[in-house]
Amino acid sequence: DMRLHIWQCCSWRQLGLLEADRLKATPCRSKRPRNDAGNKVTVVLGAQWGDEGKGKVVDLLATEADIVCRCQGGNNAGHTVVVDGKEYDFHLLPSGIINPKSISLIGNGVVIHLPGLFEEGDKNDKKGLKGWEKRLIVSDRAHLVFDFHQVVDGLQETERQAQEGKNIGTTKKGIGPAYSSKASRTGLRVCDLLGDFKDFSTRFKNLVQQYQSMYPSLTVDVEDQLKKLKEFAERLRPMVRDGVYYMYEALHGPPKKILVEGANAALLDIDFGTYPFVTSSNCTVGGACTGLGIPPMNIGDVFGVAKAYTTRVGIGAFPTEQLNAIGELLQTRGHEVGVTTGRKRRCGWLDLVIVRYAHMINGFTAIALTKLDILDVLDEIKVGVAYKLNGKRIPHFPANMDVLQKVEVEYETFPGWKTDTSAARKWNDLPVKAQNYIRFIENHIGVPIKWVGVGKSRECMIQMF
Ligand code: GDP
Ligand code: IMO
Ligand code: MG
């Protein structure tokens, strides 16, 4: 045991300065290093196919947050925040950037398109969001999305259309190709861009060549790209940190409120979503650990965000979709238009099978139910509660898309409350029929609903406990 103890102390020491303070506090001979869990992070995740209102929920929590982090995805995300009647849309920037007192962090799991990042920042600067560059920290381990990744995203969509008669309906932000480069170990990271630029240039050229051999029609003005990248590098440099160490210090320093803003959503997760009609990252809770470099024991609350109905942008199975007047009403009343691509979102009834599935993976501690107000005018409201295959209920969510296309949805029907809920600010302000709808959802998922959204702005969020 003593030998093990000495070995442990030595390996702590090998970690270098990182553990110096800890060793001082726990002398080698007397005690083992204390396993101090440190601060917990609060994670906000989409429980459907995206656009549930994550931005709004993060904004609500961010008013008290010290650090707001993005851990996965890229500028395929579009998060809307409405403050004092002003609407902001964030893509790569964490929605917490709006809070002048908090730090925003883009973690290693995010893929960053630098022109997109600065364009977004400058656009928001013009809207009055000053000093964002001073409040932003970018992990040196984050991978870069290049312009040609975005071109390739488009070429791949064309190819899919030609080969299979359908595409994925990606945002064409280069997300899939950039994560492909990362997985094939030819990707380039922020630390590479800020390191030796000659090395970076060589690897950039090799990467371009690799893609050109796959897509002969791809043309890239390499010199022009490198020139622009060099300029971006200098603008980025002051924001770049070792993300792992930054988070380690944040977790183990004085008490801090740390938020993680999920992008995309459970059903778009590359492992658990409706593959292949998904995005290319883990949008479920594991992405918070791998995308920031934090231990699972530092995960605190995991809030799932779900709309009171369901929407989806892009292609893929959608069992509760309403290709009728109901779907159109949800689309128009809910202003269901993609924030990133401007595409109309497909709309349908709330599907509790998928929200329960998202809960199985994420272990939500509470749910934010948004856009209840959109249902205000309906005579009756349906909720999908189970899937049937060949007349038999299935207990799981099907992995195979052909199977998912075939499921028959079992619905529960509720009478509409036909009352404007947009002015409701507490539980008792809601009509009883709306309360019953909410209670049913809560019981069916088995997770408490902590917030109910009845409008776009900050104050339109009823807090239940
Ligand atoms: P995110 O991607 O999950 O952050 O969500 P988006 O911003 O893409 O889409 C959500 C949309 O719904 C935005 O336009 C929000 O302003 C809006 N929204 C969020 N919560 C509510 C709500 O409770 N009621 C209404 N009417 N709109 C909401
Ligand atoms: P937020 O964070 C809705 C969808 C795209 C497409 C698929 C793959 O705002 O909820 P990608 O460009 O990621 O390769 O596209 O995923 N998608 C989203 N849909 N909201 C999002 O983000 C999305 N991010 C990706 O429409 O079907
Ligand atoms: Mg969105």
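Fair warning: this is a prediction, and the values are worked out from it, not measured in the lab. (Residues numbered from 1 in each chain as written. Chains lettered and ligands numbered in written order. Predicted model: local features only at pLDDT ≥ 70, side-chain atom pairs only at ≥ 80, totals over all residues. Heavy atoms only, no water.)

Q: Would you mind showing me how to read the sheet that holds strand S15 (residues 366-370) here?
A: Neighbouring strands of a sheet are bound in pairs by backbone hydrogen bonds; such pairs are parallel or else antiparallel. An order of S9-S7-S5-S2-S10-S1-S11-S15-S19-S20 is seen for the 10 strands of this open sheet, with the pairing classed as mixed. Of all the strands in the sheet, just strand S9 (240-241) and strand S20 (461-463) have a single pairing partner and so form its edges. Where strand S1 (residues 41-46) lies against strand S11 (residues 299-307), five bridges are found, and the strand directions are parallel. The partner of Gly-46 across the bridge, within S11, is Val-305. Relative to S1, helix H3 (residues 54-62) is tilted by about 160°, and along the sheet it contacts S1, strand S2 (67-70), strand S10 (258-261), S11, S15, strand S19 (449-453) and S20. (Pairing = 2+ DSSP bridges. Helix = DSSP H or I, 4+ residues; strand = E, 2+ residues; numbered from the N terminus. Contact = heavy atoms within 4.5 Å. Axes fitted to C-alpha atoms, helices over the stretch in contact; angles between N-to-C directions.)

Q: Can you walk me through the site of ligand 2 in this structure?
A: Ligand 2 sits among 20 residues. The nearest are Lys-54, His-79, Thr-171, Asn-264 and Thr-279. The separation between an oxygen atom of ligand 2 and a polar side-chain atom of Lys-54 is 2.7 Å. Taking Arg-343, its side chain carries an N or O atom lying 3.0 Å from an oxygen atom of ligand 2. Bound to the protein, ligand 2 loses 97% of the 550 Å² it would expose on its own. Counted by class, the shell around ligand 2 contains seven nonpolar, 10 polar and three charged residues. (Near = heavy atom within 4 Å. Polar contact = N/O pair within 3.5 Å; in protein donor to acceptor, adjacent residues only side chain to side chain. Areas by Shrake-Rupley, 256 points an atom, 1.4 Å probe, with all protein chains shown as cover. Nonpolar A, V, L, I, M, F, W, Y, C, P; charged D, E, K, R; others polar.)

Q: What's the story with the packing of aromatic side chains in this structure? I'm lost.
A: Aromatic ring pairs: the centre-centre distance and the angle between the two ring planes describe each pair. Inspection of every chain in the model, using the stated rule, returns 17 aromatic pairs. Aromatic side chains Phe-118 and Trp-132 sit 6.2 Å apart centroid to centroid with 55° between the ring planes, which places their arrangement in the tilted category. Residue Phe-118 is found in helix H4 (residues 114-126), and its partner Trp-132 is found in helix H5 (residues 132-135); the two are separated by 14 residues along the sequence. Each member of the pair, Phe-118 as well as Trp-132, is classed as buried. With centroids separated by 5.7 Å and ring planes inclined at 55°, the aromatic side chains of Trp-417 and Tyr-437 adopt a geometry described as tilted. Here Trp-417 is found in the loop between strand S18 (408-415) and helix H16 (432-445), whereas its partner Tyr-437 is found in helix H16, with 20 residues between them in sequence. Overall, the relative accessible area of 5% leaves Trp-417 in the buried class. Note on Tyr-437: relative accessible area 0%, which makes it buried. Here the aromatic residues Phe-146, Phe-148, Phe-197, Phe-200, Phe-204 and Tyr-211 are joined through ring pairs into a cluster of three or more. The ring of Trp-427 carries the charged tip of Arg-439 above its face, separated from the ring centre by 4.3 Å. Positioned above the aromatic ring of Trp-451 is the side chain of Lys-450, whose terminal nitrogen or guanidinium carbon lies 5.5 Å from the ring centre. (Phe/Tyr/Trp six-rings, centres within 6.5 Å; stacked < 30°, edge-to-face > 60°. Buried < 20%, exposed > 50% of the residue type's maximum accessible area, 1.4 Å probe, protein only. Lys NZ or Arg CZ within 6 Å of the ring centre and 35° of its normal.)

Q: Looking at this model, I keep getting lost on the site of ligand 1. Mind explaining?
A: Close to ligand 1 lie 19 residues; Lys-54, Gly-55, Gly-78, Thr-80 and Asp-373 are nearest. Take Gly-453: an N or O atom from its main chain is 3.3 Å from an oxygen atom of ligand 1. Between ligand 1 and Gly-455 there is a distance of 3.1 Å, counted from a nitrogen atom to a backbone nitrogen or oxygen. When the free accessible area of ligand 1 is taken as 590 Å², the share hidden by the protein chains comes to 95%. Counting only elements with at least two residues in the shell around ligand 1, the list comes to H3 and strand S3 (79-83).

Q: Which parts of the structure should I look at to understand the pattern of salt bridges?
A: Where charged atoms of side chains with opposite charge meet at close range, the side chains can pair. Throughout the structure, instances matching the rule amount to 25 salt bridges. Of the charged contacts, one joins Arg-458 and Asp-59 as a salt bridge, the two residues approaching to 2.7 Å between their closest N and O atoms. Placement of Arg-458 in the loop between S19 and S20 and of Asp-59 in helix H3 is noted, with a sequence separation of 399 residues between them. The partly exposed category is assigned to Arg-458, whose relative accessible area is 29%. Among the residues examined, Asp-59 registers a relative accessible area of 2% and is labelled buried. (Salt bridge = Lys/Arg side-chain N within 4 Å of Asp/Glu carboxyl O.)

Q: Looking at this model, I keep getting lost on the coordination of the magnesium ion (ligand 3). Mind explaining?
A: For a metal with four tetrahedral donors the ideal donor-metal-donor angle is 109.5 degrees, whereas six octahedral donors ideally subtend 90 or 180 degrees. The protein atoms that coordinate the magnesium ion (ligand 3) are Asp-51 (OD) and Gly-78 (O), at distances of 2.0 to 2.1 Å. Highlighted residues: Asp-51 in the loop between S1 and H3 and Gly-78 in the loop between S2 and S3, separated in sequence by 27 residues. For Asp-51, a relative accessible area of 22% corresponds to the partly exposed category. By relative accessible area, which is 11% here, Gly-78 ends up buried. (Donors = N, O, S within 2.8 Å, 3.2 Å for Na, K, Ca; no water.)

Q: Just checking my understanding: could you explain the side chain of Lys-56 for this structure?
A: Mapped onto the fold, Lys-56 is located in helix H3. Buried charge Lys-56 goes without a salt bridge, the closest partner of opposite sign being Asp-373 at 6.8 Å. Those residues within four positions of Lys-56 in sequence are excluded, and the remaining contacts are Thr-80, Gly-453, Gly-455, Lys-456, Ser-457, Cys-460 and Met-461. (Lys, Arg positive; Asp, Glu negative; His and termini not counted.)

Q: Which parts of the structure should I look at to understand the environment of Arg-141?
A: Tracing the sequence through the fold places Arg-141 in the loop between strand S7 (136-139) and strand S8 (143-144). Residue classification places Arg-141 among the partly exposed residues on the basis of a relative accessible area of 34%. Taking the C-alpha atoms as reference, Arg-141 lies 9.6 Å from Leu-292; in sequence the two are 151 residues apart. A distance of 3.2 Å separates a polar atom in the side chain of Arg-141 from a polar atom in the side chain of Asp-242.

Q: Explain the UniProt feature "binding site: Mg(2+)" (unreviewed entry) in the protein chain to me, please; I cannot follow it from the model alone.
A: As recorded in UniProt, the sites labelled "binding site: Mg(2+)" (unreviewed entry) are Asp-51 and Gly-78. In three dimensions, the annotated residues from a span of 28 residues occupy one location, with a maximal C-alpha spread of 7.5 Å. If near-sequence neighbours (up to four positions away) are discounted, Asp-51 is found in contact with Gly-78, Lys-307, Val-313 and Arg-345. Among all residues touching Gly-78, those that are not within four sequence positions of it are Asp-51, Phe-90, His-91, Val-339 and Thr-340. (UniProt positions renumbered as here; feature names shortened; annotations may be inferred.)

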